[in-house]
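Listed here are the chains, written in short residue letters.
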Amino acid sequence: MKLYSSRALRRIGVGLGLLLGLALVFNGILAWRTQHRLDSMLAELRAAGEPVSLADLAPKPISDEKNAAVYLQRTIPRLDAFERQYDQFYQSPLGETCEERENRHEPPTPEQLAAIRKIVDAYPEIITAFQQAAACDEYASLADFSLWPSAYLKGTIHHSGEPRKFARFVAWKMAVLASEGNPDAALGLGVQMLKFARLYDHEPLLVNYLVSIALRNSMCGPISEILYRHQVSLEARARLDAELALQDSPAPLQLALRNERAFSIRFVQEQSGPISAALRWPMVNWMLGELEAENAAYNFVKQPLGLVQPRPDGQPFRLWPEQIDRALVGRLIGNAILATMGADLRWRVWSRCLRVINSEGEYHQRTGKDADNIEQLSLPREAITDPYTGQPLLLKKTDDGWIVYSVGPNGKNDNGNFSNQMDEGIAPPGQIQE
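The model shown is predicted, which means the values in this text are computed figures rather than measured ones. (Residues numbered from 1 in each chain as written. Predicted model: local features only at pLDDT ≥ 70, side-chain atom pairs only at ≥ 80, totals over all residues. Heavy atoms only, no water.)

Student: Even after reading the chapter, I still don't get the environment of L255, so can you show me in this structure?
Tutor: Position of L255 among the secondary structure elements: in helix α12 (residues 251–272). Once the C-alpha coordinates of L255 and Y298 are considered, the two residues, 43 residues apart in sequence, prove to be 8.7 Å apart. Setting aside its immediate chain neighbours within four residues, L255 contacts D201 and H202. (Helix = DSSP H or I, 4+ residues; strand = E, 2+ residues; numbered from the N terminus. Contact = heavy atoms within 4.5 Å.)

Written out as structure tokens, the structure reads:
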């Protein structure tokens, strides 16, 4: 009995040893295949001249006077001081009523404007620095690209609010200038903020591109109110149209996704580095799925805009082709990419609507009458096209001016209703439906 038990134990031990050996071999094969996939992806990207690490995203040095990022950094202490007064204003009874008026798309009262003007006038160096930044043609990030991705991301998130302070200051300054009878100067500041947002597109990662979009979006209200409520010169209109034409580009989103992919590659290396090669392949394999999702999105946004896809089953339109949804849904980075793509598309709609409103004003100034339809305006075909459908943007005439809009994410004409998931566009302040 003891002999039998001893033999049985030896056989069990040998069997377990064989199983362990096979498991180690199988694990080794999986580890090799996963590493091979990553190495092949990196080699392919390098061969195409694409960045594959944070270090690859470091900009070439430029002189401080040509770098918009330097003017932003120098102004941070004063922006912080302005932000404190900005918050205090909206926490006061006067500011609370001002915010209520803003929510109703009504201009500030004279008393509210006086308080806003007093705060703005206390920071002349902010507007000077902003205009110097906007006058630059280059933006070289001042971030430290030698950091590990986790540290780099933490710093990026910490500083992402600074450009928004610029935008809040500029919006207030625009309101002051317009109230003083200088709408051209006010509109000029809005154009400069749009240009600064284009420069800020060169601050890497999706989180910073979302900041760029937020800067653009923050100008929609102030710019449209000037166009609807004030008489501006043809020269000011021409400068706005030229900037809006530059804004309607897929390049910023492409750049953001390209940079995000390089960050993710370095993040894989950071997170898996301390783990032995035999054990880290599951993590690397998971991260490869994230990188492949980023690749799918990057390749998709390089295609011409025209994103809404009809559904044969009568369901609402699909924003992206089904293969893009499949590639992104369920991935950690997927929701961030989909949100960024949606925000980018929404801004493209708004920028085209602003061009139409601006061009209609120019038409009225030239001819003394309103245009009968959108095709009468002196705009290229692509500037009047609804990117959701490929058809012309929609118009709704009101006593206060045109409502210019897109069918929005649901693919239906909801008669200029801008409620959630309905139409998207620009409307006179008194006609906005939300």
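After that view of the structure, there is still more to cover.
Student: Where do I start with the pairing of strand β1 (residues 394–398) in this structure?
Tutor: For a regular strand, the rule is simple: side chains alternate between the two faces of the sheet. Here 5 bridges tie β1 to strand β2 (residues 401–406), and the two strands are oriented antiparallel to one another. Its bridge partner being in β2, L395 is matched across the sheet by V404. Joining the antiparallel neighbours β1 and β2 is a turn of 2 residues. (Pairing = 2+ DSSP bridges.)

Student: Explanation requested: the packing of aromatic side chains in the structure shown.
Tutor: For any pair of aromatic rings, the description rests on two quantities: the centre-to-centre distance and the angle between the ring planes. Applying the stated criterion to the full structure yields 17 aromatic pairs. Taken together, F82, Y86, F89, Y90, Y123, F169 and W172 form an aromatic cluster joined through their ring pairs. The ring of Y71 carries the charged tip of R74 above its face, separated from the ring centre by 5.7 Å. Sitting above the plane of the Y86 ring, R168 keeps its charged end 5.7 Å from the centroid. (Phe/Tyr/Trp six-rings, centres within 6.5 Å; stacked < 30°, edge-to-face > 60°. Lys NZ or Arg CZ within 6 Å of the ring centre and 35° of its normal.)

Student: Just checking my understanding: could you explain the packing of helix α8 (residues 162–179) against helix α10 (residues 206–229) for this structure?
Tutor: A pair of packed helices can be characterised by two numbers: the angle between their axes and the separation between those axes. Axis separation between α8 and α10 bottoms out at 10 Å; the angle between their running directions is 5°. Viewed along their axes, α8 and α10 adopt a mutual orientation that is roughly parallel. Residues P163, R164, A167, V170, A171 and M174 of α8 pack against V211, A214, L215, S218, M219, P222, I223 and I226 of α10. (Axes fitted to C-alpha atoms, helices over the stretch in contact; angles between N-to-C directions. Parallel < 35°, antiparallel > 145°, perpendicular 65-115°, else oblique.)

Student: Looking at this structure, I do not really get the layout of surface pockets. What am I missing?
Tutor: Where empty space is left becomes clear once a probe the size of a water molecule has been rolled over the atoms. Roughly 1,400 Å³ of internal volume is contained in the largest pocket. Contributing elements (two or more residues each) for the lining of the largest pocket: α3 (68–91), α4 (93–103), α5 (110–121), α8, α10, α15 (334–367) and β3 (424–426). Top contributing element to the lining of the largest pocket by residue count: α10, with 11 residues. A breakdown of the residues in the lining of the largest pocket according to their chemical character gives 25 nonpolar, 12 polar and 11 charged. (1 Å grid on protein atoms, 1.4 Å probe; cavity = no way out; pocket = protein on both sides within 12 Å on 5 of 7 lines; lining within 4 Å. Points joined across faces, edges and corners; volume = space filled by probe spheres on them. Nonpolar A, V, L, I, M, F, W, Y, C, P; charged D, E, K, R; others polar.)

Student: Please explain the side chain of N259 as it appears in this structure.
Tutor: Relative to the assigned elements, N259 resides in helix α12. Taking relative accessible area as the criterion, N259 reaches 6% and is therefore assigned buried. Contact partners of N259, with chain neighbours within four places excluded, come to L57, P204 and L205. (Buried < 20%, exposed > 50% of the residue type's maximum accessible area, 1.4 Å probe, protein only.)

Student: In this structure, what is going on with the nonpolar core? I would like to understand it.
Tutor: Soluble, globular proteins show a tendency: their nonpolar side chains are buried together. Membership of the largest hydrophobic core comes to 90 residues, with the highest contact counts inside it found for W172, M193, I223, M341 and V356. Examining the composition of this core, we find that 12 residues originate from one element, α15, more than from any other. In this view, M193 contacts F130, F166, A167, V170, L215 and M219; residues no more than four positions away in its chain are not counted. M41, L42, I265 and L291 belong to the second-largest nonpolar core, a separate cluster that totals 11 residues. (Core = buried A, V, L, I, M, F, W, Y, C linked by side-chain atoms within 4.5 Å.)

Student: How should I be thinking about the pairing of β2 in this particular structure?
Tutor: The buried count for β2 comes to 5 of 6 residues, which makes it a mostly enclosed element. By the bridge criterion, 3 bridges tie β2 to β3 in an arrangement that is antiparallel. Within β3, the position partnered with V404 by the bridge is I426.

Student: How should I be thinking about the pattern of salt bridges in this particular structure?
Tutor: It is possible for side chains bearing opposite charge to pair when their charged atoms get close. Considering all chains together, one arrives at 19 salt bridges under this definition. K165 is paired through a salt bridge with D80; the nearest N and O atoms lie 2.5 Å apart. Taken together, the residues K165 in helix α8 and D80 in helix α3 connect sequence positions 85 residues apart. Overall, the relative accessible area of 27% leaves D80 in the partly exposed class. R348 serves as the salt-bridge partner of D248, at 2.5 Å between the closest nitrogen and oxygen. (Salt bridge = Lys/Arg side-chain N within 4 Å of Asp/Glu carboxyl O.)

Student: Where do I start with unusual backbone geometry in this structure?
Tutor: A negative phi angle characterises most non-glycine residues, just as the trans form characterises most peptide bonds. In the Ramachandran plot, L205 falls in the positive-phi region, its phi being about 90° despite a non-glycine side chain. Following the sequence through the fold, L205 ends up in the loop between α9 (183–200) and α10. On the basis of relative accessible area, L205 is assigned to the buried category, the value being 2%. Despite not being glycine, N415 shows a phi value in the positive range, around 65°.

Student: What am I meant to see in a negative patch on the surface here?
Tutor: Together, E96, E99, E100 and E102 line one region of the surface with negative charge. Assignment of secondary structure puts E96 in helix α4. (Patch = residues over 30% accessible without salt bridge, like charges linked within 9 Å, V, L, I, M, F, W, Y side chains within 5 Å. Areas by Shrake-Rupley, 256 points an atom, 1.4 Å probe, with all protein chains shown as cover. Lys, Arg positive; Asp, Glu negative; His and termini not counted. Charge placed at Lys NZ, Arg CZ, Asp CG, Glu CD.)

Student: Help me understand the state of the cysteines, please; the structure alone is not making it clear to me.
Tutor: Here, the word disulfide means a covalent bond between the sulfur atoms of two cysteines. For the structure shown, the criterion picks out 0 disulfides. In this structure C353 is a free cysteine whose sulfur lies 9.0 Å from that of C220, the closest cysteine sulfur available. The class for C353 is buried, based on a relative accessible area of 0%. (Disulfide = S-S within 2.5 Å.)

Student: Is there a simple way to explain helix α7 (residues 149–159) in this structure?
Tutor: Each full turn of the α-helix corresponds to 3.6 residues, which orients residues three or four apart in the same direction. Residues of α7 that are buried: P149, Y152 and T156. When α7 is viewed along its axis, its buried side chains cluster within an angular range of 60° and face the same direction. Among the exposed residues of α7, those oriented more than 90 degrees off its buried face are K154 and H158. (Arc of directions from axis to C-beta.)

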